[in-house]
Amino acid sequence: MVEQSQAQALYIKDLKRHKRKVRFFRILILVIFLAQWEITAAFHIVDPFIFSSPSRLIHCCYDMLLHNSLLYHIGITLFETLVSFFLVTLFTILIATILWLSKGISETLDPYLVVLNSLPKSALAPLLIVWLGGNYKTIIVTGMSVAIFGSILSLYTTFLTMDADKLLLIRTLGGTKKDVLFKILIPGNIPVILSIMKVNIGLCLVGVIIGEFIAAKKGLGYLIIYGSQVFKLDWVILSILILCIIAMTLYQLTSSIENKYVKMRNH
């Protein structure tokens, strides 16, 4: 028993060391990249007007924060992303459940969902502007369109592959479809739903930026398009870097929710 405990302690120590090593090299790669970027821009090896530099971006960020414009644009993009993400999650569960409940509806809608999932969503954005107008509703719907069809198909396919023995057991005991749905199907697929959410949060952000490219007068997508048009490339690069940070943060948040659920289920 003591030997096992020592082996466990050694394993945990090695695991922590490995994680620290990975974290160190991640930070090192980032520092080297930023240093090379700053040096090459300072010595005009690359054109700082086109490629900017870390120091220029810091100055640009400070200037935009000073005029209260940057936080406003970030807030708009975050709001549109989170609303589209919430609606995608809600409609994914709802529609996948309806498809599972009715074989006729699922067989009828299946080819349409496949086609809509395969369709380039940027092609829908101009139509959505005409139908809904150039406002936040269009951008939210565009964000939803990127993620929703694929997530519906994924969740519905998972519903169909549920453990047949469990389904047979609950039906043998007199359970109805409602019992199967709320006691087996949805609780048993929460890990899958959380996994789909991890993917969807990034897809919704992509869809929102596509919408802001075309229809918006505010948001980080608007800053990227406007900055490229007036050659304020510091705005463009800064907005792209902020989008990377937002995407990483949102992904980590959904991952932490998934990890907490896994820990709760194991306990």
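This text follows the structure it describes.
Residues numbered from 1 in each chain as written. Predicted model: local features only at pLDDT ≥ 70, side-chain atom pairs only at ≥ 80, totals over all residues. Heavy atoms only, no water.

1. Considerations on unusual backbone geometry
Here H44, not a glycine, exhibits a phi torsion of approximately 55°, which is positive. Note that H44 resides in the loop between α1 (2–42) and α2 (48–51). At S52, a position not held by glycine, the phi torsion is positive, near 60°. Within the secondary structure layout, S52 lies in the loop between α2 and α3 (54–66). S52 gets classed as buried once you look at its relative accessible area, which sits at 0%. (Helix = DSSP H or I, 4+ residues; strand = E, 2+ residues; numbered from the N terminus. Buried < 20%, exposed > 50% of the residue type's maximum accessible area, 1.4 Å probe, protein only.)

2. Considerations on the packing of α3 against helix α12 (residues 233–266)
Contact geometry for α3 and α12: axes closest at 10 Å, N-to-C directions at 85°. Between α3 and α12, the interaxial angle falls into the category roughly perpendicular. In contact with R56, L57, C60, C61 and M64 of α3, α12 contributes D234, W235, I237, L238 and L241. The residue makeup of the contact of α3 with α12, split by class, is eight nonpolar, no polar and two charged. (Axes fitted to C-alpha atoms, helices over the stretch in contact; angles between N-to-C directions. Parallel < 35°, antiparallel > 145°, perpendicular 65-115°, else oblique. Contact = heavy atoms within 4.5 Å. Nonpolar A, V, L, I, M, F, W, Y, C, P; charged D, E, K, R; others polar.)

3. Concerning the nonpolar core
Counting 48 residues, the largest nonpolar core has L70, W100, L220, L238, I242 and I246 as its most contacted members. When contributions to this core are tallied by element, the ones reaching two or more residues are α3, α4 (70–101), α7 (136–160), α8 (164–172), α9 (177–188), α10 (190–215), α11 (220–229) and α12. Ranked by residues supplied to this core, first place goes to α7 with 10 residues. (Core = buried A, V, L, I, M, F, W, Y, C linked by side-chain atoms within 4.5 Å.)

4. Some thoughts on the pattern of salt bridges
Taken as a whole and assessed by the stated rule, the structure comprises three salt bridges. E258 serves as the salt-bridge partner of K198, at 3.0 Å between the closest nitrogen and oxygen. One end of the pair, K198, is in helix α10; the other, E258, is in helix α12, and 60 residues separate them in sequence. (Salt bridge = Lys/Arg side-chain N within 4 Å of Asp/Glu carboxyl O.)

5. Points about the side chain of S106
By the element assignment, S106 lies in helix α5 (residues 103–118). Among the polar contacts made by the side chain of S106, one reaches the side chain of Y156 at a distance of 3.1 Å. Those residues in contact with S106 that lie beyond four places of it in its chain are L99 and Y156. (Polar contact = N/O pair within 3.5 Å; in protein donor to acceptor, adjacent residues only side chain to side chain.)

6. What to know about α11
For α11, every residue scored as buried is listed here: L220, G221, L223, I224 and G227. Buried residues in α11, looked at end-on, bunch into an arc of 160°, giving them a common side. In this structure, the buried side of α11 is in contact with α3, α4, α10 and α12. F231, located one to two residues past α11, shows a positive phi value of around 60°. (Arc of directions from axis to C-beta.)

7. Let's talk about the packing of aromatic side chains
Tallying each qualifying case throughout the model produces four aromatic pairs. Taking the centre distance of 5.4 Å and the plane angle of 70° together, the rings of F24 and F25 count as edge-to-face. Relative to Y226, the ring of Y222 has its centre 5.7 Å away and its plane inclined at 15°; by these criteria the two rings are stacked. Residue Y222 and its partner Y226 are both found in helix α11; the two are separated by four residues, about one turn of the helix. Overall, Y226 belongs to the partly exposed group, its relative accessible area being 30%. By the ring-pair criterion, three or more aromatic residues cluster together here, those being Y222, Y226 and W235. (Phe/Tyr/Trp six-rings, centres within 6.5 Å; stacked < 30°, edge-to-face > 60°.)

In short, geometric facts, not functional conclusions.
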